[in-house]
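Single-letter residue listing:
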Amino acid sequence: MLRKLEEQDFDRYVGFAYELALDQTRSGYPTYADGIKSKNDFIARAREAFFRDDEEILLFERNSKVSGWIHYYYLQEDRYLDTCAFCVADGMNEALAEFIDFARERFYGSELYLGFSKENIEAVAALESYGFECIEESYNDVVNFDHYILQPEDKHVVPITQANYKFFSDIHSQHDKDMYWNSERIFTAIDHWRIYAYLLEGKSKGVIYFKDDEFVSEIFGIDFKNDIYDSKLYRALLTASLNDCKRRGTKHMVFFNERKFQSDAINSGFRCVGEYVCYKITL
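Small disclaimer: the values here were computed from a predicted structure and weren't measured. (Residues numbered from 1 in each chain as written. Predicted model: local features only at pLDDT ≥ 70, side-chain atom pairs only at ≥ 80, totals over all residues. Heavy atoms only, no water.)

Mind showing me how you'd approach the overall build of the chain here?
Within the chain, the secondary structure is distributed over eight helices and 12 strands. Here the chain has a C-alpha radius of gyration of 20 Å; the compact-globule value for 283 residues is 19 Å, and the two agree. Across its three principal axes, the chain shows a C-alpha extent of roughly 70 × 40 × 35 Å. In the chain, which comprises 283 residues, the share counted as buried stands at 49%. Within the chain, contacts between residues separated by at least 24 positions form 67% of all contacts whose residues are at least 6 apart in sequence. Charge centroids of the chain, computed over 34 positive and 50 negative side chains, lie 4 Å from each other. (Helix = DSSP H or I, 4+ residues; strand = E, 2+ residues; numbered from the N terminus. Rg over C-alpha atoms; globule rule 2.2 N^0.38 Å. Buried < 20%, exposed > 50% of the residue type's maximum accessible area, 1.4 Å probe, protein only. Contact = heavy atoms within 4.5 Å. Lys, Arg positive; Asp, Glu negative; His and termini not counted. Charge placed at Lys NZ, Arg CZ, Asp CG, Glu CD.)

Sorry if this is basic, but what is going on with the packing of helix α1 (residues 10-21) against helix α2 (residues 39-47) here?
The packing of two helices is summarised by the inter-axis angle and the distance between the axes. Contact geometry for α1 and α2: axes closest at 10 Å, N-to-C directions at 125°. Considering their axes alone, α1 and α2 lie oblique with respect to each other. By crossing handedness, the relation of α1 to α2 is classed as right-handed. Facing F10, D11, V14, A17, Y18 and A21 of α1, the residues of α2 in contact are K39, F42, I43, A46 and R47. Its residues assigned to classes, the contact of α1 with α2 shows eight nonpolar, no polar and three charged. (Axes fitted to C-alpha atoms, helices over the stretch in contact; angles between N-to-C directions. Parallel < 35°, antiparallel > 145°, perpendicular 65-115°, else oblique. Left-handed = near helix turned anticlockwise from the far one by under 90°. Nonpolar A, V, L, I, M, F, W, Y, C, P; charged D, E, K, R; others polar.)

It is not clear to me how the environment of Y29 should be interpreted in this structure. Could you clarify?
With respect to the helices, strands and loops of the structure, Y29 is situated in the loop between α1 and α2. Other than its neighbours up to four places away in sequence, Y29 contacts Q24, T83, C84, G115, F116, S117, N140, F256 and Y276. In terms of polar contacts, Y29 uses its side chain to reach the side chain of N140, at 2.9 Å. (Polar contact = N/O pair within 3.5 Å; in protein donor to acceptor, adjacent residues only side chain to side chain.)

In this structure, what is going on with the pairing of strand β5 (residues 111-117)? I would like to understand it.
Along a regular strand, successive side chains alternate from one face of the sheet to the other. Summarising burial for β5: six of the seven residues are buried, a large majority. When strand β4 (residues 80-88) meets β5, the two strands line up parallel, connected through two bridges. Across the sheet, Y80 pairs through a bridge with E111, a residue of β5. The handedness of the β4 to β5 crossover, carried by helix α3 (residues 92-106), is right-handed. In this sheet, strand β12 (residues 271-282) lies alongside β5 in antiparallel orientation, the contact comprising seven bridges. Residue pairing in the sheet places L112 in a bridge with I281 of β12. (Pairing = 2+ DSSP bridges. Right-handed = clockwise from strand over helix to strand, strands pointing away.)

Teacher, can you tell me more about the side chain of S117 here?
For S117, the location among the structural elements is in strand β5. Here the side chain of S117 touches Q24 through a polar contact of 3.4 Å, side chain to side chain.

In this structure, what is going on with the pattern of salt bridges? I would like to understand it.
Close approach of charged atoms allows side chains of opposite charge to pair. Across all of its chains, the model carries 23 salt bridges by this definition. Salt-bridge contacts for D34 lead to K37; the nearest nitrogen and oxygen are separated by 2.5 Å. Judged by relative accessible area, K37 falls into the partly exposed class, the value being 26%. The shortest N-O distance in the salt bridge between E55 and R45 comes to 2.7 Å. One end of the pair, E55, is in strand β2 (residues 55-62); the other, R45, is in helix α2, and 10 residues separate them in sequence. What you see here is one network of salt bridges that share partners, running through R45, E48, R52 and E55. (Salt bridge = Lys/Arg side-chain N within 4 Å of Asp/Glu carboxyl O.)

Even after reading the chapter, I still don't get the packing of aromatic side chains, so can you show me in this structure?
Both the distance between ring centres and the angle between the ring planes are used here to describe each pair of aromatic rings. Evaluation of the coordinates by the stated rule reveals 33 aromatic pairs. Seen in terms of ring centroids, F224 and F261 are 6.1 Å apart; in terms of plane orientation they differ by 65°. Their pairing is edge-to-face. Of this pair, F224 sits in strand β10 (residues 216-224) while F261 is found in the loop between β11 (252-257) and α8 (262-267), placing the two residues 37 residues apart along the sequence. Here F224 matches F261 in class, with each residue buried. For K37, the ring lying beneath its charged end belongs to Y32, and the centroid distance is 5.4 Å. Above the ring of Y180, the side-chain terminus of R185 is found at 4.1 Å from the ring centroid. (Phe/Tyr/Trp six-rings, centres within 6.5 Å; stacked < 30°, edge-to-face > 60°. Lys NZ or Arg CZ within 6 Å of the ring centre and 35° of its normal.)

Honestly, it's all geometry; don't read function into it.
Encoded structure:
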């Protein structure tokens, strides 16, 4: 059974939920097992549910006992439903089934997205059995810059600004129709982005782009000319980006990385938190 968490019961259950959020076999994404997000972060984010009209926390009860905590949010304009936490101590399959029924009744016609670690075998199997489409499989990689040492950089890698933005857009525009952060939107918000390009004979061969943040920066993508992967370019772009973050005092870097890039990412200084899978269904 699902029931809404009342604010007066928050302190009673939030510690229980956080402990589950540390266990990738019993929780969903975003994970708190990455060594970046803290218990205080979990509590602060959860409390926001009581002050937002588009969020709610549900308790999952099984055998007359609270066994789970589901914090969801809904973007009405986009008809987009997702979760900030999906933590279940026992009965993940049952919790998912009840949440899907709840969501279908409350948000019929919307798209529901649920992300989990592959370690959560029960959740992955349940979502596949319920007809969800797997839309992403990636490695959740992180860097703690306290342990990162500056590396030699390739002279072919240059920072991208408004003045030389074409070097970025020439590559990134290959995917403009497939993503929200297309070339135009990134250009409009370029003050919040860090971008590097690998130039050879005056032409861009690859680009990397990540959000500029003093605590946690996230790489949104690495693109190659004609989508042809080049290990040397990849390592050069990563090194320039990681060095940049280290010099500016960034604490962590996050990258949801493709399988074919993984060995190069690890060799560049990343640590793998786990394998991430994202599922989607139209309710």
